Each structure stands twice: as structure tokens, then as C-alpha cells.
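# Geometric and topological summary
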Amino acid sequence: MITFSQRVLNAQYKLNETEEAIIEYINAHQEAVSHMTISKLAEATYVAPNAITRLCHKLNYDGFVALKLALRDTKASSVPDTPGAQRQREVIERNFELIDQKREENVIEALKNAKKVLFFAVGETSYVAHNFAYIFNAVDQKTQFVTYENQIIYEINHDHNLVIFCISQSGETHQVLRVAEAAKVGGQQLISLTGLHHNSLATLADMALYSYSPHRTWQGYNFTDKTPLFIVMNALFDDYFAAIV
């Protein structure tokens, strides 16, 4: 399963100040919290026990006991060193844990209301962006993949009511960040899909989607699996299709 900190990042958009304070306390006292009762944690953070329960549900835990068990599980931070098929299954399952229905609804609403949706990515990730721009456009006839950053920046600066959908596993790709910054300056809505870690692109985005894929390189080649990007985007497209058709 994904870790406590990864769940927090994935749910960041819907956390309030009280919940952020509880999380800050948990991060500072993980070992102690992993053996506390819910009443003790509530007392330590000056909230009612049901505030803890609500936070657990926002983080997609069944309850406080599940959260405590996750804090104790130090092996949850990485995919076990298992044979290929089993390892792939572990990665896929973690990505399904990241799909957040409320966030998807917000993204779908933004896509529906936009005059035009422009996808942008570079390198190997551009194949993912190009594929989904094509199938989204088959449904709404207003979505396209833009190949060149200067071209999409021109559209950002000369049109209105656009959704700019940027995909980058690192979230730090220079060309993608340049487009994202132009979208923010131009008042266009920015949606990002990145790896599950703190990154510049997700910070800039109005709505940040995440995928989980362990970073893998060998002799200068990037072998990071792109399948998780397809999982997240397929789930989004299925719901978009149902909302449009």
C-alpha cells in the first residue's frame, strides 16, 4: 500500500487547517502515535475524536487503527523486490488507491466547462498525452495535443477559458514548467499529472493528479514505467465519457 505521507500528498487538495495540524503532529511523533488511542491523539492535538476519524477517511483509511498500522509498516515505502509480474501488480494496485472520486469530479467539471483543452508533455511522456488528447477529442471535439511549447504558450496568451493539461512524471521538466507558468500568468486553468512526490508542476496546478511508479534508470536510460499514467488517465476518461455521452 502507499505510505502515510503519500496519502497526505494525494489528499492535499481537500485538507483543512485543522487536519494539516493533526498531520504535522503525527509526522513529528509517528512512533508514539502508532500506539496511541484515538482519544489520546485527539487530546494531544486539541480536537474531537471525530476530527481524527474524518481525517482518516480523507486519507482513504478505514479508520484510525488502519492509520496506526500504516505508521508501523516501514516496508510500505517501496515495492517489494519480487518477480516482474507480482511487482507490476503491486504498482498497479497502488495506483488504484490514488484515484480520488471527488478530485476526478472536479477535473471533469473543469474539462466540461472549458472552451478548449490542450494537453502538453515532452519526451516519452508525450505519447501518453497524445493518446489521451486523441480519445478525449473523439468525445468532445475540443481537445488537442500541442507539440511545441511556444505554440501552446501563444494559445494561452491569445485565447480564454482554456484548460491546460500538463503531464510529467518528474514534475520538473523545464519545457512543461514553462507552459505551466504561462498558464498561471494567463489565468488559464492548469491540471497536472505527475509522479507521487512533491514537485514544482503539482504545486503550480489548480488540480494535481498523481501516479505511482518507482523511478528506474540504467546507464543513462530512464526505464520508469509509464503504465501508471495510463491507469490514472483511463479512469478519468471513463468518467468523463459517462458525463459527456
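The structure under discussion appears in the preceding block.
Please read all numbers here as calculations on a predicted model, not as lab measurements.

This paragraph deals with the packing of aromatic side chains. As enumerated under the stated definition, the model contains six aromatic pairs in all. On the numbers, 5.7 Å between centres and 50° between planes, the contact of F132 with F230 is tilted. Linking F132 in helix α9 (residues 125-140) with F230 in helix α13 (residues 227-244), this pair joins segments that are 98 residues apart in sequence. The buried category is assigned to F132, whose relative accessible area is 1%. Judged by its relative accessible area of 29%, F230 falls in the partly exposed class. With centroids separated by 5.9 Å and ring planes inclined at 40°, the aromatic side chains of F237 and F241 adopt a geometry described as tilted. Of the two residues, F237 and F241 are both situated in helix α13; the distance of four residues between them amounts to about one turn of the helix. A relative accessible area of 13% places F237 in the buried class.

This next bit is on the nonpolar core. What tends to happen in soluble globular proteins is that the nonpolar side chains get buried as a cluster. In terms of nonpolar packing, the biggest core is built from 28 residues, with F119, F136, F165 and I167 touching the most fellow members. Elements with a contribution of two residues or more to this core: α8 (101-113), β1 (116-120), α9, β3 (162-167), β4 (189-195), β5 (207-211) and α13. Those residues in contact with F119 that sit more than four places away from it in its chain are A129, F132, A133, F136, T143, Q144, F145, V146, I152, F165, I167 and M233. Core analysis: the next-biggest nonpolar cluster, separate from the first, contains 27 residues, V91, L162, A182 and A202 among them.

Positive phi, close to 70°, is recorded for N60, a residue that is not glycine. Relative to the helices and strands, N60 is located in the loop between α5 (49-58) and α6 (64-72). The backbone of N161 shows a phi angle near 55°, a positive value even though the residue is not glycine. Exposure remark for N161: the relative accessible area of 40% places this residue in the partly exposed category.

This part is about the sheet that holds β5. Sheet strands pair via backbone hydrogen bonds, and the direction of the pair is either parallel or antiparallel. Strand order in the open sheet formed by five strands is β2-β1-β3-β4-β5, with parallel pairing between adjacent strands. Both edges of this open sheet fall to β2 (143-145) and β5, since each of them pairs with a single strand only. Direction aside, the axes of adjacent strands within the sheet are offset by 20° on average. Bridge count between β4 and β5: five bridges; the pairing is parallel. Looking at the pairing, T194 lines up with Y210 of β5. Running over the sheet, α9 touches β1, β2 and β3 and is turned about 160° from β2.

Here is what the cut-offs are and how they apply
- Residues numbered from 1 in each chain as written.
- Predicted model: local features only at pLDDT ≥ 70, side-chain atom pairs only at ≥ 80, totals over all residues.
- Heavy atoms only, no water.
- Phe/Tyr/Trp six-rings, centres within 6.5 Å; stacked < 30°, edge-to-face > 60°.
- Helix = DSSP H or I, 4+ residues; strand = E, 2+ residues; numbered from the N terminus.
- Buried < 20%, exposed > 50% of the residue type's maximum accessible area, 1.4 Å probe, protein only.
- Core = buried A, V, L, I, M, F, W, Y, C linked by side-chain atoms within 4.5 Å.
- Contact = heavy atoms within 4.5 Å.
- Pairing = 2+ DSSP bridges.
- Axes fitted to C-alpha atoms, helices over the stretch in contact; angles between N-to-C directions.

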